[in-house]
Amino acid sequence: MNYQLPSVATVVPLTGVLTGSNGHYQKRIQELGGLYSDPISFEELKKLRGAQVAYEVYEYRPNNHPGDLIFGTSILYPGKVANEYFMTRGHLHAQGDRPEIYYCQAGRGVMLMENLDGGTKAVELNPNDIVYVPPYWIHRSVNVGDSPFITLFCYPADAGQDYDIIAQSGGMKSLIVSDSAGGWREETNPRYCSRQRDVIQKLRHR
Ligand code: NI
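This write-up is about the structure you can find in this document. (Residues numbered from 1 in each chain as written. Predicted model: local features only at pLDDT ≥ 70, side-chain atom pairs only at ≥ 80, totals over all residues. Heavy atoms only, no water.)

Examining the environment of lysine 46
- With respect to the helices and strands, lysine 46 occurs in helix H1 (residues 39-49).
- Each C-alpha atom of the pair lysine 46 and glutamine 30 lies 5.5 Å from the other, and the pair is 16 residues apart in sequence.
- The residues touching lysine 46, leaving out its near neighbours within four places in the chain, are Ile29 and Gln30. (Helix = DSSP H or I, 4+ residues; strand = E, 2+ residues; numbered from the N terminus. Contact = heavy atoms within 4.5 Å.)

Here is the structure:
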């Protein structure tokens, strides 16, 4: 038998860098057009800080075999577009029945989740919290603090990502915005349109 070799990676606690990872990507503010509900504020921010990294991901991906695992760290920097907190693009797993866990390493954030039928759940994550994202839930991280929101994630290697599903419904159903008391609240996205029955059926059986 041809054994894979065990491997070890290390999370640098305050930066979220994963040493020993074999993949890394960065998303800059200027690449996130269409994500935020206030396009004018987004354009202003893009002019000022467009080249700045909004979030980055380090991952360890042994292979894509069913039954294997991919893990890594996500580092989402703090900021707001108007009153909406910085967030990741978000996705549904292309294999929708594949779940994921996120462990909060540092910072304060929200895992915003939405199922195919439009049910939503926003869970606050502080250091040492773990959220289980069940199958068929779209998920995105939101930084509601003022330091980097660092999570460690792990998901099945054959899950894949569907990034278009969010744009197709005009964004996620909920927005995570700042409230007047320095905290966050969930607000209904006025541009959201529900998925049609036949679309949901297709996603469920893909
Ligand atoms: Ni995922």
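Quick notes on the coordination of the nickel ion
- For the nickel ion, the protein coordination sphere consists of His91 (NE2), His93 (NE2), Glu100 (OE) and His139 (NE2), at 2.0 to 2.2 Å.
- One way to put it: the 4 donor atoms around the nickel ion meet at angles of 84 to 164°, and that makes the site irregular.
- We classify histidine 91 as buried; its relative accessible area is 10%. (Donors = N, O, S within 2.8 Å, 3.2 Å for Na, K, Ca; no water. Tetrahedral: all angles 85-135°; square planar, octahedral: opposite > 155°, others 65-115°. Buried < 20%, exposed > 50% of the residue type's maximum accessible area, 1.4 Å probe, protein only.)

A few points about the sheet that holds strand S11 (residues 130-133)
- Pairing within the open sheet is antiparallel, and its 6 strands lie in the order S3-S4-S5-S13-S8-S11. Whereas interior strands pair on both sides, the edge strands pair on one side only; in this sheet they are strand S3 (23-28) and S11. Averaged over all pairs of adjacent strands, the angle between strand axes in this sheet comes to 20°, irrespective of strand direction.
- Sheet topology note: the strand S4 (residues 53-60)/strand S5 (residues 69-76) ladder contains 6 bridges and is antiparallel. In the sheet register, tyrosine 60 faces S5, and the bridge partner there is phenylalanine 71. (Pairing = 2+ DSSP bridges. Axes fitted to C-alpha atoms, helices over the stretch in contact; angles between N-to-C directions.)

What about the state of the cysteines?
- Across all of its chains, the model carries 0 disulfides by this definition.
- Unpaired in this structure, cysteine 104 has its nearest cysteine sulfur neighbour in cysteine 154, at a distance of 16 Å.
- On the basis of relative accessible area, cysteine 104 is assigned to the buried category, the value being 0%.
- On the accessibility criterion, cysteine 154 (22% relative accessible area) is partly exposed. (Disulfide = S-S within 2.5 Å.)

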